[in-house]
Amino acid sequence: MALNCGIVGLPNVGKSTIFNAMTAAGAAAENYPFCTIDPNVGVVPLEDVRLTRLAEVSGSAQIIPATVEFVDIAGLVAGASQGEGLGNRFLAHIRETDAILHVVRCFEDPNVVHVAGSVDPVRDVATIDLELILADMESLARRKERLTKKARSGDKQAATDLALTERVLSAIEAGKSAREVPLAEEEREALRDAHLLTLKPVLFVANVAEADLGRETPQVEQVRELARERDAEVVVISGRIESELAQLSGDDRAAFLAELGQTESGLSRLARAAYTLLGRVTYFTAGPKEARAWTIQAGTRAEQAAGVIHTDIERGFIRAEVMRFEDMDRLGSAQAVKEAGLLHSEGKDYVVADGDVIHFRFNV
C-alpha cells in the first residue's frame, strides 16, 4: 500500500533541500522494490528496530523496510490557484497525493531571499492555505454546476451529492478548509472524486537553521500554534543537516547524530509521522531469504493484508499463522514461539495488528 505525501510550501523555504536529502537517502537502499522511480519522488525508509531484530532471530539474508514516498511539488506562490507560477499544474500534483507535507521556513539566511521579504511562518502558512482553499472553491463550483443539471432531471443521487457539495462549498467560501466540515464516512467517500486539497490531512515541517535544531525558536512555536489550531502535527528538522546525513552511512552517520544529540534523522521522524498521520500500521514476514515490513491501513483484515504481498495469496487464502513480534523478540525464534503455544491460526476476518509476524497459507 503506497504511502504518498506531497511536499508543499513557498519558494525558498527549503523544500528542495529536504527533498534532495530524501532522494539521496533513498538511492542508497538497494533492497527497495522500486527499481525505477520518477525523479520527482523521494523514498524514505521507515526505520523500525523491530524489523532489525526480526531479521536477526530469523537469520534473514536481507531487510526490506516499509517506505514513505514524498512527491516534490514546486513552490507555490500567491495566485497559484489562478495559474500564477504554473500553479494549476502544481495543484494538480497535490491532488494525486494522500497527504500534504507543508514545509515552513523557520530560519534566517541573507543569502536565501524570501519571496515576501521576511521570515513569517504565520503569513506563509496563510498564503498556502488560501491558494488551496481557492482551488477547492473552483472545483466545488464546477461540481455544483454539473450536479445541478442532473438533479433538475430527477436524478436523486445527484440531488443528494448536490446538497453535500453546497454544504462544503459554503464552508470553504467562508474561509474554512474542508477538514473543518463535519462529514460522515460515506460523505467523505462521496467527495472522493472532487479531489479536495483542503480535505487531505496535513503535517507541518518546521525547517530550522543548523544551530537551532533542538531549540524552540519563536518561529517554531508559531508553527506549533498553527498546527494545534488545525489538530495537526509538527516535525522540526534542519534541511541542511539532513543533506549532510544523507551522504553518510553506518558508524559515520551514527557518530554525526550523536554529536547533534539526536538518535535518529529528521527524515526518519518525518516518515514515521506521515505513517501515523494516514493511519497505517506494519505487519512483518520473515524467513531465511528476507525480513520485510508491509504497510496496511489500520483495521485491515487478514485476507486483504495477504493481497498486499500478492493478489494470488488473497485469492487462495486459507489461513494466517500469526505471532507477535514481542514474543519473537523475547523467546528468540519462531520455533520457540510455537513451542510456547503462542502461534495462533486466524481466518480471513482476523484484523491484523501492528507488529504481527505472519505466515500466510494459501492455495495456488
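Scroll up for the structure.
Rules used in this analysis
Residues numbered from 1 in each chain as written. Predicted model: local features only at pLDDT ≥ 70, side-chain atom pairs only at ≥ 80, totals over all residues. Heavy atoms only, no water. Buried < 20%, exposed > 50% of the residue type's maximum accessible area, 1.4 Å probe, protein only. Helix = DSSP H or I, 4+ residues; strand = E, 2+ residues; numbered from the N terminus. Pairing = 2+ DSSP bridges. Axes fitted to C-alpha atoms, helices over the stretch in contact; angles between N-to-C directions. Contact = heavy atoms within 4.5 Å. Salt bridge = Lys/Arg side-chain N within 4 Å of Asp/Glu carboxyl O. Phe/Tyr/Trp six-rings, centres within 6.5 Å; stacked < 30°, edge-to-face > 60°.

> What am I meant to see in the pairing of strand 8 (residues 280–286) here?
On any regular strand, side chains alternate: one points to one face of the sheet, the next to the other face. Most of strand 8 sits inside the fold, with 6 of its 7 residues counted as buried. Relative to strand 9 (residues 290–297), strand 8 is paired through 7 bridges, and the arrangement is antiparallel. Pairing of Phe284 across the sheet is with Ala293, part of strand 9. In textbook terms, the turn of a hairpin is the stretch between consecutive antiparallel strands, and for strand 8 and strand 9 this stretch comprises 3 residues.

> Help me out: how do you make sense of the sheet that holds strand 5 (residues 99–105) in this one?
In a beta sheet, neighbouring strands pair by backbone hydrogen bonds and run either parallel or antiparallel. The strand order across the open sheet built from 6 strands is 2-4-1-5-6-7, with neighbouring strands paired in mixed fashion. Every other strand in the sheet has two partners, leaving strand 2 (41–45) and strand 7 (233–237) as the edge strands with one partner each. When the angles between neighbouring strand axes are averaged without regard to direction, this sheet yields 30°. Of the strand pairs in this sheet, strand 2 and strand 4 (residues 67–72) are connected by 5 bridges, and their pairing is antiparallel. Of the residues in strand 4, the one forming a bridge with Pro45 is Thr67. Sheet strands touched by helix 4 (residues 121–152): strand 1 (4–8), strand 5 and strand 6 (202–207). Its angle to strand 5, the strand with the most contacts, is close to 150°.

> Hey, could you run me through the pattern of salt bridges in this one?
Any two side chains of opposite charge can pair, on the condition that their charged atoms come close. For the structure shown, the criterion picks out 25 salt bridges. The closest approach of N and O atoms between Arg292 and Glu290, which form a salt bridge, is 3.8 Å. When salt bridges with common partners are traced through the structure, they connect Asp48, Arg50 and Asp354 into a single cluster.

> What should I look at first to understand the packing of aromatic side chains in this one?
Aromatic rings in a pair are described by how distant their centres are and how their planes are angled relative to each other. The tally for this structure, following the rule as stated, stands at 2 aromatic pairs. Measuring from ring centre to ring centre gives 6.0 Å for Tyr283 and Phe360, while their planes differ by 85°; the resulting arrangement is edge-to-face. Taken as a pair, Tyr283 in strand 8 and Phe360 in strand 12 (residues 356–362) lie far apart in primary sequence, 77 residues in all. Across this residue pair, the class does not change: Tyr283 and Phe360 are buried.

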